[in-house]
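The lines below spell out each chain.
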Amino acid sequence: MKVEIDDGHHQEEEGEHKRRKKAKKMKKERTAPEEGTSFHLPTVSIAVCGSIIDNAQSLELATRLAGQIARAATIFRIDEVVVFDDKASSSDESCVKTVLDGSTDYEGGAPFLVRILQYLETPQYLRRCLFPKHNSLRFVGLLPPLDAPHHVRKHEWLPYREGVTLKGKPSGSPGTLVDVGLNKEVVVEQTLEPGQRVTVAMGSNRQLESIIREVTSPSKPREELGLYWGYKVRYASNISCVFTECPFKDGYDYKIGTSEHGDVLSSSEVCFPNFRHLLIAFGGLGGLEENIEEDTSLKGKNVRKVFNSYLNTCPGQGSRTIRTEEAIFISLQYFQEPIKRAVTSVAD
Ligand SMILES: C[S@@+](CC[C@H](N)C(=O)[O-])C[C@H]1O[C@@H](n2cnc3c(N)ncnc32)[C@H](O)[C@@H]1O
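Participant: I'd like to hear about the overall build of the chain, residue by residue, with values.
Facilitator: Counting secondary structure elements, the chain contains eleven helices and eleven strands. Partitioning the intrachain contacts of the chain with sequence separation of at least 6 by distance along the chain shows that 74% fall at a separation of at least 24.

Okay, here's the thing in structure tokens:
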């Protein structure tokens, strides 16, 4: 879909007065942390329209596109990536499907994106065990690695490691054997089913035998050491399910939509409330407005009622269209400082 470049210019011409007013409104929305609430780590989620994959002209290009989203999520320490489907994603016109003509393996843009994102987030040494062969994974070997802190190399030592539970039983002790990507498997005290991905508290003792370790929460490395420990991936069958199936008890408490039709504010003017769970949404080819229009439970709803803020993160764009994967990088950089300010004010 082509977008008139005039729109961007028009927005750029918004008076300083209007811009200040919007910034002031956002500042007013800031709320003090609830009294007596226990300390929590705020999370940042992104939602991405999966049908962008369907426009890729080959499976290899689709894979590279998914790889870019995984890199962006990792570079900007995103906690959750939600891939939402829309009508277009199940279309028979899909370019990738055409390329894979004759194959029954093409799963559609959103499930494909989910699979590649999950695969890349998983440390290399666990992939063989956790990901059975699949046609969608044919080109993943071409992608640059995420090189995230939880992709711990064999010669490195961190107090935490990702692992997979094994079938065999440890000799002479109860518990479970876990492959954590070292020369020898380790033993954890919990009794667990084989084939599960777990986070193991390794401690500082580098002896692999005779020490019984513990499976811990994947949030521990971040809580204890401030380490980014990867993103979770969630599939949503449409944009409304991004919100209704949110895994956090009270949902996302601040939701941002991104669009060239959004408000124009400089990054320093953007002020978020003290969020617990922030969500930043990116639309497909026709933008979030189209995604909302195509969703039966949101149809007819003004996009500004769906999101707390609707922002243009790249005013005055030179290209008629900014692609979703480009907008993710641009926007996440744009939101870095506002997020940092909101998070710091919680800790104060
Ligand atoms: C191809 S664009 C869709 C174009 C559409 N007219 C729009 O609403 O921006 C795909 C997605 O990229 C993001 N995007 C594109 N331009 C943007 C901009 N200037 N500011 C923020 N996000 C943008 C939005 O998430 C949008 O849904």
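Participant: I'd like a rundown of the sheet that holds strand S2 (residues 80–84), residues and numbers included.
Facilitator: Read across the sheet, six strands follow the order S8-S2-S1-S10-S9-S11 without closing on themselves; strand pairing throughout is parallel. The strands lining the two open edges of the sheet, one partner per strand, are strand S8 (232–236) and strand S11 (309–312). Going across the sheet, the axis of each strand differs from the next one's by a mean of 25°, ignoring polarity. When strand S1 (residues 43–49) meets strand S10 (residues 277–282), the two strands line up parallel, connected through six bridges. Across the sheet, residue Val48 finds its bridge partner in S10, namely Phe282.

Participant: Quick rundown of the packing of helix H3 (residues 59–75) against helix H5 (residues 109–121)? Include the residues and the values.
Facilitator: Running from amino to carboxyl end, H3 crosses H5 at an angle of 55°, the nearest separation of the two axes being 9 Å. By the angle class used here, H3 and H5 are oblique. Every pair of crossing elements has a handedness; the one defined by H3 and H5 is right-handed. Residue-level contacts link Ala62, Thr63, Ala66, Gly67, Ile69 and Ala70 of H3 to Phe112, Leu113, Ile116, Leu117, Leu120 and Glu121 of H5. Of the residues in the contact of H3 with H5, the class split is nine nonpolar, two polar and one charged.

Participant: Outline the nonpolar core, supporting the account with residue identities and numerical values.
Facilitator: The biggest cluster of nonpolar side chains holds 65 residues, and the ones touching the most others in it are Val81 and Leu117. Those residues in contact with Val81, other than ones at most four positions away along the chain, are Ile46, Val48, Ala73, Leu117, Tyr231 and Val233. Formed by eleven residues, the second largest nonpolar core is a distinct cluster that contains Val178, Val180, Val187 and Met202.

Participant: Describe the sheet that holds strand S4 (residues 176–179), naming the residues involved and giving the relevant values.
Facilitator: One closed barrel holds the five strands; their spatial order is S3-S4-S5-S7-S6, and the pairing between them is mixed. In this sheet, neighbouring strand axes are inclined to one another by 55° on average, regardless of whether the strands run parallel or antiparallel. Bridge analysis of S4 against strand S5 (residues 186–188) gives three bridges, and the strand direction is antiparallel. Residue pairing for S5: Leu177 is matched across the bridge by Val187.

Participant: So, the site of the ligand: which residues are in play, and what are the values?
Facilitator: Around the ligand lies a shell of 22 residues, among which Thr258, Ser259, Gly283, Gly287 and Ala327 are the nearest. Of all the elements in the fold, those that place two or more residues in the shell around the ligand are strand S9 (254–264), helix H9 (287–293) and helix H11 (324–347). Element by element, the count of residues in the shell around the ligand is highest for S9, at five residues. Tallied by class, residues from the shell around the ligand come to seven nonpolar, twelve polar and three charged.

Rules used in this analysis
Residues numbered from 1 in each chain as written. Predicted model: local features only at pLDDT ≥ 70, side-chain atom pairs only at ≥ 80, totals over all residues. Helix = DSSP H or I, 4+ residues; strand = E, 2+ residues; numbered from the N terminus. Contact = placed C-beta atoms within 7 Å. Pairing = 2+ DSSP bridges. Axes fitted to C-alpha atoms, helices over the stretch in contact; angles between N-to-C directions. Parallel < 35°, antiparallel > 145°, perpendicular 65-115°, else oblique. Left-handed = near helix turned anticlockwise from the far one by under 90°. Nonpolar A, V, L, I, M, F, W, Y, C, P; charged D, E, K, R; others polar. Core = buried A, V, L, I, M, F, W, Y, C linked by C-beta atoms within 7 Å. Buried ≥ 20, exposed ≤ 12 C-beta atoms within 10 Å, placed from the backbone. Near = placed C-beta within 6 Å.

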